[in-house]
Amino acid sequence: MNLEELNAQIDRTEQRAPELAPTLAYYRELVKELREIEAGLPRVKLTASEPEVGITVKGGAPLSVLEPVPVDPQAFGLAFERVLNVFWRHQQGRAEEAAAIARTMWDYEEIVRLFFSEDLSGLLQMAESQGVEPQLFAYLVMMALRPFFRRYATSLGKYLKRDWWRDTRCPVCGQKGTFGRLAKEGERLLVCPLCDWEWPIRRIQCVHCGTEDHAQLVEIDVEELPGYALHACNKCKGYLKVVDQRGQDEQGIDLFLADLESQPLDQVAAERGYTREPEVAQ
Ligand SMILES: [Zn+2]
Ligand SMILES: [Zn+2]
């Protein structure tokens, strides 16, 4: 989705839900900033061979295992400061916490290293040791990393074939998909929260525990929220929010907007005993 389409969607969301206006004003500015950062990053070139890409991804590892996502710590630091600035201007309720983050001298190289060590607890500990709110810090780090991951996905995603992958992690960067989309012909796709890549997954399968037992899987629609559904599982009690774009010409979603708009579904899910991140033995 380009920035113009995104702004049109923000307008529509605001018309439907005027109470979200302050959050949407924040997001409008944030996404403009993120797209500018992304546009300033160099395109990523494939250094591995195309057959190696096929072997890696068909073998069950995301592309980023073969071809690491390049994140220059200095460029990341600048992105982080820009994201923090936008947050600070808009999130008045959390201005104190944002100020504490802005006052700290961060070691951006260490932040990038901890992120790629796949042990996010290291990042949270880093925040705690500086006396800043860990969840907000982790959120800002993720937001600042998004342009790098999007750049990577738009540069290298073309080397992946759709039928190579059926995992719930992203085939490009390895993050777990957090939102679903039913495409024009009814195919179910998962969307990556970090690089925005979409990939097909089976319709009759729980994205958390993997069960394919029809009797355990339920789809729940909410009348007040047309265009969205819950795909829930009675085996692990997990759920996935899904945007239904079957038969529509306009395709694609923005995760932040979709997640914000569909918050009533989280409530419905909680009332019925489902959770978004169930504990499932891997
Ligand atoms: Zn991804
Ligand atoms: Zn399940």
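Along each chain, residues carry numbers from 1 onward, in the same order as the chain's sequence is written. To label them, take the chains in the order written and letter them from A, then take the ligands in the order written and number them from 1. With the structure being a predicted model, the display of local features is reserved for residues of pLDDT at least 70 and the display and counting of side-chain atom pairs for 80 or more, all residues being used for whole-chain, interface and lining totals.

Colleague: Could you give an account of the overall build of the chain, with specific residues and numbers?
Modeller: Helix and strand definitions here come from DSSP, where helices need a minimum of 4 consecutive H or I residues and strands a minimum of 2 consecutive E residues; each element is numbered from the N-terminal end. Along the backbone of the chain there are 11 helices and 6 strands. Its C-alpha radius of gyration of 19 Å places the chain within 12% of the 19 Å reference for a compact globule of 282 residues. If you line up the chain on its principal axes, its C-alpha atoms span 55 × 50 × 40 Å. Counting other C-beta atoms within 10 Å of its own, a residue is labelled buried from 20 upward, exposed at 12 or fewer, and partly exposed in the gap between, with every C-beta atom placed from the backbone. Taken over 282 residues, the chain has a buried fraction of 32%. In this setup the radius of gyration rests on C-alpha atoms only. A globule is expected at 2.2 Å times the number of residues raised to 0.38.

Colleague: Before we move on, can you summarise the nonpolar core with the specific residues and values?
Modeller: Core analysis: the largest hydrophobic core is formed by 68 residues, its most contacted members being V83, L140, C173 and C195. Looking at which domains feed residues into this core, each of domain 1 (3-159) and domain 2 (166-271) gives three or more. Whether two residues are in contact depends on their C-beta atoms, placed from the backbone: they are in contact if these lie within 7 Å. Residue contacts for V83: discarding those within four places in its chain leaves L30, E33, L140, M143 and A144. Note on terminology: a nonpolar core is any set of buried Ala, Val, Leu, Ile, Met, Phe, Trp, Tyr and Cys residues joined through C-beta atoms within 7 Å. A domain assignment, automatic or from a database, supplies the domain bounds used here.

Colleague: For unusual backbone geometry, give the residues involved together with the corresponding values.
Modeller: Peptide bonds are trans in most cases, and residues, glycine excluded, mostly fall at negative phi. Its identity as a non-glycine residue notwithstanding, D196 has a phi of 70°, on the positive side. Tracing the backbone shows D196 in the loop between β2 (188-191) and β3 (198-200).

Colleague: Explain the pairing of strand β4 (residues 217-221) residue by residue, including any values.
Modeller: Pairing between strands requires that DSSP locate at least two bridges from one strand to the other. Examined bridge by bridge, β4 and strand β5 (residues 228-233) share 5 bridges and lie antiparallel to one another. In the strand pairing of β5, L217 is matched with C233. In this antiparallel pair of consecutive strands, β4 and β5, the connection spans 6 residues, and G227 shows a positive phi of 90°.

Colleague: Which residues make up the domain arrangement of the chain, and what values go with them?
Modeller: How big an interface is tends to be reported as the loss of accessible area on association of its parts. What the domain assignment lists for the chain is domain 1 (3-159) and domain 2 (166-271). Measuring from the centre of the C-alpha atoms in domain 1 to the corresponding centre in domain 2 gives 22 Å. Ranked by residues supplied to the side of domain 1 that touches domain 2, first place goes to helix α9 (residues 134-156) with 7 residues. Residues are grouped as follows: Ala, Val, Leu, Ile, Met, Phe, Trp, Tyr, Cys and Pro are nonpolar; Asp, Glu, Lys and Arg are charged; every other residue, Gly included, is polar. Looking at side-chain class alone, the side of domain 1 that touches domain 2 contains 14 nonpolar, 6 polar and 2 charged residues.

Colleague: Can you lay out the packing of helix α1 (residues 3-16) against helix α2 (residues 21-39) for me, pointing to particular residues and giving the numbers?
Modeller: Helix axes use the C-alpha atoms of the stretch in contact, all axes being lines fitted to C-alpha atoms, and the angles between their N-to-C directions lie in the range 0 to 180 degrees. It is the contact of α1 with α2, at a shortest axis distance of 10 Å, that shows an interaxial angle of 175°. With respect to their mutual orientation, α1 and α2 come out roughly antiparallel. The segment α1 lies against α2, with L3, L6, N7, I10, T13 and E14 engaging A21, L24, Y27, R28, V31, K32 and R35. Residue composition of the contact of α1 with α2, by class: 7 nonpolar, 2 polar and 4 charged. Angle categories are assigned with fixed cut-offs, so that under 35 degrees is roughly parallel, over 145 is roughly antiparallel, 65 to 115 is roughly perpendicular, and the rest are oblique.

Colleague: So what about the pairing of β2? Which residues, and what values?
Modeller: The pairing of strand β1 (residues 179-182) with β2 spans 4 bridges and is antiparallel. What sits directly across from L182, in β2, is R188. Count of turn residues in the β1/β2 antiparallel hairpin: 5 residues, of which G186 carries a positive phi of about 95°. In this structure, β2 lies alongside β3, joined through 3 bridges in antiparallel fashion. Within β3, the residue paired with L190 across the bridge is W199. From the end of β2 to the start of β3, which pair antiparallel, there are 6 residues, and D196 there has a positive phi angle of about 70°.

Colleague: Lay out the environment of F80 with the relevant residues and their values.
Modeller: Mapped onto the elements, F80 comes out in helix α5 (residues 73-90). Owing to 21 C-beta atoms within 10 Å, F80 belongs among the buried residues under this scheme. Leave out the neighbours within four places in its chain, and F80 touches Y108, L140, V141 and A144.

Colleague: Can you lay out the sheet that holds β2 for me, pointing to particular residues and giving the numbers?
Modeller: With respect to topology, 6 strands assemble into an open sheet ordered β3-β2-β1-β6-β5-β4, the strand pairing being mixed. Every interior strand has two partners, whereas the edge strands, β3 and β4, have only one. Pairwise comparison of adjacent strand axes, ignoring direction, gives a mean angle of 30° for this sheet. Contacts from helix α11 (residues 263-271) reach β4, β5 and β6 (239-244) within the one sheet, and its direction differs from that of β5 by about 30°.

Colleague: Describe the packing of α5 against α9, naming the residues involved and giving the relevant values.
Modeller: One can describe the packing of α5 onto α9 by two numbers: an axis separation of 9 Å at closest approach and a directional angle of 120°. As far as their axial angle goes, α9 and α5 are oblique. Pair α5 / α9 crosses with right-handed handedness. Each of F76, A79, F80, V83, L84 and F87 in α5 lies in contact with α9, whose residues at this interface are L140, V141, M143, A144 and P147. Among the residues making up the contact of α5 with α9, the classes are represented as 11 nonpolar, no polar and no charged. Note on convention: near helix rotated counterclockwise from far helix by under a right angle means a left-handed crossing. Clockwise means right-handed.

Colleague: Lay out helix α7 (residues 108-116) with the relevant residues and their values.
Modeller: What α7 keeps buried is the set Y108, I111 and V112. Down the axis, α7 shows its buried residues gathered within 95° of arc, on one side only. Positive phi appears at E118, one or two residues downstream of α7, with a value of about 60°. Relevant arc is that of directions from the helix axis to the C-beta atoms, nothing else.

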